[in-house]
Amino acid sequence: MSDNNIVLRVEDIHKSFGNNEVLRGISFGVRRGETKVFIGPSGTGKSTLLRCINQLTIPDRGSVWLDGEEVTNSGARINYFRQKIGMVFQNYYLFDHLTALKNVELALLKVRGMSRSEAREKALTELRQVGLEDWADHYPAELSGGQAQRVSIARALAMDPDVILFDEPTSALDPELTREVLEVMKKLALQGMTMLVVTHEMGFACSVATEILFMENGVVAEQGTPDLLMHDPKFTRMKNFIGQFDSYRGD
Amino acid sequence: MDVLSILIDWSPYIVAGIAATLGLVLIALGIGILLGLPMALGQVYGSRPVRWAIGIYVWFFRGLPILVLLFLFWFGIFPGIGLGDLPAFVVGAVVLGLRGAAYQSQIFRGAIQSIGEGQMIAARSLGMSRFIAIYSVILPQAMRIALPGWSNEYPNMLTDSAVCYAIGVAELLTVTSRIVSQTYLTMPIFLASAGIFILLNYGGIKVLHGVERRIAIPGFGSGAV
Amino acid sequence: MDQIAFIFDILLPALMQGLVVTLKLIVWSAPFGLALGIGVAAGRQYGGPVLSRVCKTFVFLIKGTPLLLLLFILYFGLPSIGITFTALTASVIGFILCNGAYNSEYIRGALLSIKDGQMIAAQALGMTRAQAIRNVIMPQALRRAIPGLSNEFIYLIKYSSLAYMITVVELSGVGKNVATKYFIYTETFMVVGIVYLALVTITTVAVNILEKRVAVPGMNRAAAAQL
Ligand SMILES: Nc1ncnc2c1ncn2[C@@H]1O[C@H](COP(=O)(O)OP(=O)(O)OP(=O)(O)O)[C@@H](O)[C@H]1O
Ligand SMILES: [Mg+2]
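Remember, it's a predicted structure, so these values are computed and weren't measured experimentally. (Residues numbered from 1 in each chain as written. Chains lettered and ligands numbered in written order. Predicted model: local features only at pLDDT ≥ 70, side-chain atom pairs only at ≥ 80, totals over all residues. Heavy atoms only, no water.)

Draft legend 1. Broad picture of the overall build of chain C. Scanning chain C from N- to C-terminus turns up nine helices and zero strands. Secondary structure elements of chain C, listed N to C terminal, follow the sequence α-α-α-α-α-α-α-α-α. Projected onto its principal axes, the C-alpha coordinates of chain C cover approximately 75 × 50 × 25 Å. A burial count over chain C gives 49% of its 227 residues as buried. Of the contacts formed within chain C by residues at least 6 apart in sequence, a portion of 76% connects residues at least 24 apart. Here chain C displays about 10900 Å² of accessible surface, and carbon together with sulfur accounts for 67% of that area. Side-chain charges of chain C comprise 17 positive and 8 negative groups, with the mean position of each set lying 16 Å from the other. (Helix = DSSP H or I, 4+ residues; strand = E, 2+ residues; numbered from the N terminus. Buried < 20%, exposed > 50% of the residue type's maximum accessible area, 1.4 Å probe, protein only. Contact = heavy atoms within 4.5 Å. Areas by Shrake-Rupley, 256 points an atom, 1.4 Å probe, with all protein chains shown as cover. Lys, Arg positive; Asp, Glu negative; His and termini not counted. Charge placed at Lys NZ, Arg CZ, Asp CG, Glu CD.)

Below, the structure is given as structure tokens:
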């Protein structure tokens, strides 16, 4: 993988919690502007993988590279890399004591050292991007789940990241709210944002992903374009998994 | 009539006593925050030896009666380290403060621990250092959550401050008993003094509730009271 | 003088006598303090407008007044209007009033946390209101109030030292007398402190055991912990 369009490279990541071997050698590269979608049963280590990428969880083995620089073993410089690797969580994790605007501003002020007016302007721009400019002065408790998740996307965007990691961003949301969040993510993908997305939303995966990685038991079991994975008879495991999932949902 | 004129005669002393009482309380509460907050952080985020040392401190200062602590420091420790000349007022305020820190640290600790881990994770994911995350995400929330519990420290501190009578601090109770012994109007003077304490007590609580309302955030911390 | 000899030959034997007085203060105060707490809480919650007002005012006044001042009033003040207590009695009365007022707050909180359904179910079985309170509501409320009540009991242990300020020579009083006589302050008060620490720690352990003993499976501990 000497492709110089590769912005994020993950090499042979292993992670165990006690005797539980969660990640068993995961490698892939992400080109600028790509959207990679991760799918897989619960407990396969998808969240752990994302957290290993920005070192919120320290992998036992393997390395992560951002733009040719090593993210793993980077010591205090990890705080620099984390600005460049945004993250969006299932439960939003908005700062509960701050308004939507201040949520987006905080890291700009405290980490980037921007002036108040710069930070404010930037934060408002990002809120506009996710369609929430009018909600800037509301507190997290006053936002719907979909709005809260969009604020958290704006918060990640504000750092001008090279790549954003989404960990099941819509799993806590009703279908209605899921749609508004997915629309924002789709828009970002079209604008050329590089994204890694863990999700169960097959519709989103099929229409937006440049590649789907199906994870099972700590490894990438199948990997390819949505078209390939969905229609090539060579691939069965992901289809089986989605099949179960759909019939489960249909009940 | 008699009582009133006596109270008026003694009013400068009474005012000085009230000032000393409030001084003890405010200084001690201040020391309590300044020490209690870092202690709470140490207990949550510190290494094992740090947590252990703070645990011992808290156990000691919460386990001893305030009277014994005052005696220990006033007669023993301060003279022992060459600070025997410290005024009783200073010793009283410091001892109340050291003890208050032990209680306050547990209020702050509970508040910090009640904040979901997601707040720290989100902060770190944005590239904040641990220090910045604690300072600008965890503490602002913890302080709000802690305030209702912390407000209880005021009445506790106020009533405990009266024990400084035992080492001769000229606070309100000391002034009261001095007036009683000079005038022999025992009951009325005691009751008047109790009235003043009660006013200071509930007056202060009112002020603190006002502060709580002012810094309230919609939907935040209401469940944690 | 040799420190070890001082502590073991002089201080500890003297403190034992003080400890007896301290325990006497606690043992006399705690049961009545609990009873008063239950009475005041019930009066405030279930009494008529007058009784509940009286209970509320009682708590308001006691909580607003420093305990030491209350002891002064009982011991130095009341004789001036013809009511005289021994120092020990005055102390015990003061501790009961104070302990009772604070206990009542925890019990009231626990009473408020018991769901209405309990009272309705008891009355549906033909119990009177009083019977329902006694047999259904209180047993649940008291369990929930245990953490708060035991806290107050620990406060009682520590604040029993204030009896010394009205001439009851209990644990800290003995300590003070010995320290003054031998001019050994730090060690003496440290040892006195350790005795209190021991009392407090033993109580804490005992309370934890008690709490497990009386725990009802599935009954909400979270609500109690919040108090
Ligand atoms: N901090 C941790 N300590 C111990 N075990 C952990 C920890 N984090 C995750 N695990 C375990 O690692 C395994 C993988 O968890 P992970 O959250 O990465 O799975 P996932 O694929 O994201 O699942 P889901 O779809 O449910 O979110 C699980 O068995 C989980 O219990
Ligand atoms: Mg997950």
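Draft legend 2. Quick peek at the pairing of strand 2 (residues 20-31) of chain A. Residue and element names in this part refer to chain A. Sheet topology note: the strand 1 (residues 6-17)/strand 2 ladder contains nine bridges and is antiparallel. When the sheet's bridge partners are listed, histidine 14 is paired in strand 2 with arginine 24. Linking strand 1 to strand 2, which pair antiparallel, is a turn of two residues; within it glycine 18 sits at a positive phi near 60°. (Pairing = 2+ DSSP bridges.)

Draft legend 3. Examining the interface of chain C and chain B more closely. Listed by partner, the interface residues are 35 residues for chain C and 33 residues for chain B. Where chain C packs against chain B, one counts zero salt bridges. Linking chain C to chain B there are nine residue pairs in polar contact (both at pLDDT 80 or more). Secondary structure elements with two or more residues in the side of chain C that touches chain B: helix 2 (49-64), helix 3 (67-77), helix 6 (129-159), helix 7 (171-182) and helix 8 (186-214) of chain C. It is helix 8 of chain C that provides the largest number of residues to the side of chain C that touches chain B, a total of nine residues. When the residues that make up the side of chain C that touches chain B are grouped by side-chain class, the tally is 23 nonpolar, nine polar and three charged. (Salt bridge = Lys/Arg side-chain N within 4 Å of Asp/Glu carboxyl O. Polar contact = N/O pair within 3.5 Å; in protein donor to acceptor, adjacent residues only side chain to side chain. Nonpolar A, V, L, I, M, F, W, Y, C, P; charged D, E, K, R; others polar.)

Draft legend 4. Quick look at the side chain of serine 151 of chain B. Residues and elements named next belong to chain B. Relative to the assigned elements, serine 151 resides in helix 7 (residues 130-151). Polar contacts involving the side chain of serine 151 include one to the side chain of glutamate 212, which spans 2.8 Å. In contact with serine 151, other than residues within four places in its own chain, are Leu208 and Glu212.

Draft legend 5. Broad picture of the site of ligand 1. Residue and element names in this part refer to chain A. Lining the immediate environment of ligand 1, one finds Phe17, Asn20, Val22, Pro41, Ser42, Gly43, Thr44, Gly45, Lys46, Ser47, Thr48 and Glu168. Serine 42 is positioned with one of its side-chain polar atoms (N or O) 2.5 Å from an oxygen atom of ligand 1. Within the contact set of ligand 1, an oxygen atom lies 2.8 Å away from a backbone nitrogen or oxygen of lysine 46. Notes on ligand 1: free accessible area 630 Å², of which the protein chains cover 58%. Going through the elements one at a time, strand 2 and helix 1 (46-53) are the ones with two or more residues in the shell around ligand 1. Residues of the shell around ligand 1, tallied by class, amount to three nonpolar, seven polar and two charged. (Near = heavy atom within 4 Å.)

Draft legend 6. Expanded view of the interface of chain A and chain B. Facing 24 residues of chain A, the contacting portion of chain B comprises 22 residues. For the chain A and chain B pair, buried surface summed over both sides reaches about 2000 Å², with 67% attributable to carbon and sulfur atoms. If you look at where chain A meets chain B, you find zero salt bridges. Seen at the junction of chain A and chain B, the total is four residue pairs in polar contact (both at pLDDT 80 or more). Of all the secondary-structure elements, those providing two or more residues to the side of chain A that touches chain B are helix 2 (78-84), strand 6 (85-88), helix 3 (100-110) and helix 5 (145-157) of chain A. Of the residues belonging to the side of chain A that touches chain B, the class tally is 14 nonpolar, four polar and six charged. (Buried area = accessible area lost by both parts, 1.4 Å probe.)

Draft legend 7. Representation of the pairing of strand 10 (residues 219-224) of chain A within the structure. All names here are of chain A. Where strand 9 (residues 211-216) meets strand 10, five bridges bridge the pair, whose relative direction is antiparallel. Looking at the pairing, isoleucine 212 lines up with glycine 224 of strand 10. The hairpin formed by strand 9 and strand 10 contains two residues between the paired strands, and asparagine 217 there has a positive phi angle of roughly 50°.

Draft legend 8. Layout of helix 6 of chain C. In this model, helix 6 of chain C (31 residues) spans only 37 Å end to end at C-alpha, well below the 45 Å of a helix rising 1.5 Å per residue. Roughly 55° is the biggest bend found in helix 6 of chain C, and it falls at isoleucine 146 of chain C, with proline proline 147 of chain C one to four residues downstream. (Expected span 1.5 Å × (residues − 1). Bend = angle between axes of the 7 residues up to and from the residue.)

Draft legend 9. Representation of the environment of alanine 123 of chain A within the structure. Residue and element names in this part refer to chain A. Along the chain, the position of alanine 123 falls in helix 4 (residues 116-129). Judged by its relative accessible area of 0%, alanine 123 falls in the buried class. Between the alpha carbons of alanine 123 and alanine 154 there is a distance of 7.6 Å; along the sequence they are 31 residues apart. Ignoring any residue separated from it by four or fewer positions in sequence, one finds alanine 123 in contact with Leu101, Val104, Glu105 and Leu108.

Draft legend 10. Up close: the sheet that holds strand 2 of chain A. Strand order in the open sheet formed by four strands is 2-1-4-5 (chain A), with antiparallel pairing between adjacent strands. Two strands close off the open sheet at either side, each with one partner strand: strand 2 and strand 5 (69-70) of chain A.

Draft legend 11. Inspection of the nonpolar core at higher detail. Counting residues in hydrophobic clusters, the biggest one holds 213 residues, and the most contacted among them are Phe28, Ile53, Ile153 and Leu196 of chain A. By residue number, the principal contributor to this core is helix 5 (residues 88-114) of chain B, which donates 11 residues. In this structure leucine 196 of chain A touches Leu8, Phe28, Val30, Lys36, Phe38, Leu50, Ile53, Val163, Ile164, Leu165 and Phe166 of chain A, once residues within four positions along its chain are discounted. Grouped together as the second largest cluster of nonpolar side chains are 17 residues, Ala41, Ile137, Met138 and Ala145 of chain C included. (Core = buried A, V, L, I, M, F, W, Y, C linked by side-chain atoms within 4.5 Å.)

Draft legend 12. How the structure looks around the sheet that holds strand 9 of chain A. All names here are of chain A. Ordered in space as 6-7-8-3-9-10, the six strands form an open sheet in which the pairing is mixed. Each edge of the open sheet carries a strand with a single partner, namely strand 6 and strand 10. Here the strands of the sheet are splayed against their neighbours by 20° on average, with no regard to which way each runs. Two elements, strand 7 (residues 163-167) and strand 8 (residues 195-198), share four bridges in a ladder whose sense is parallel. Bridging across to strand 8, aspartate 167 finds its partner in valine 198. The sheet strands contacting helix 5 are strand 6 and strand 7, and the helix crosses strand 6 at an angle near 170°. (Axes fitted to C-alpha atoms, helices over the stretch in contact; angles between N-to-C directions.)

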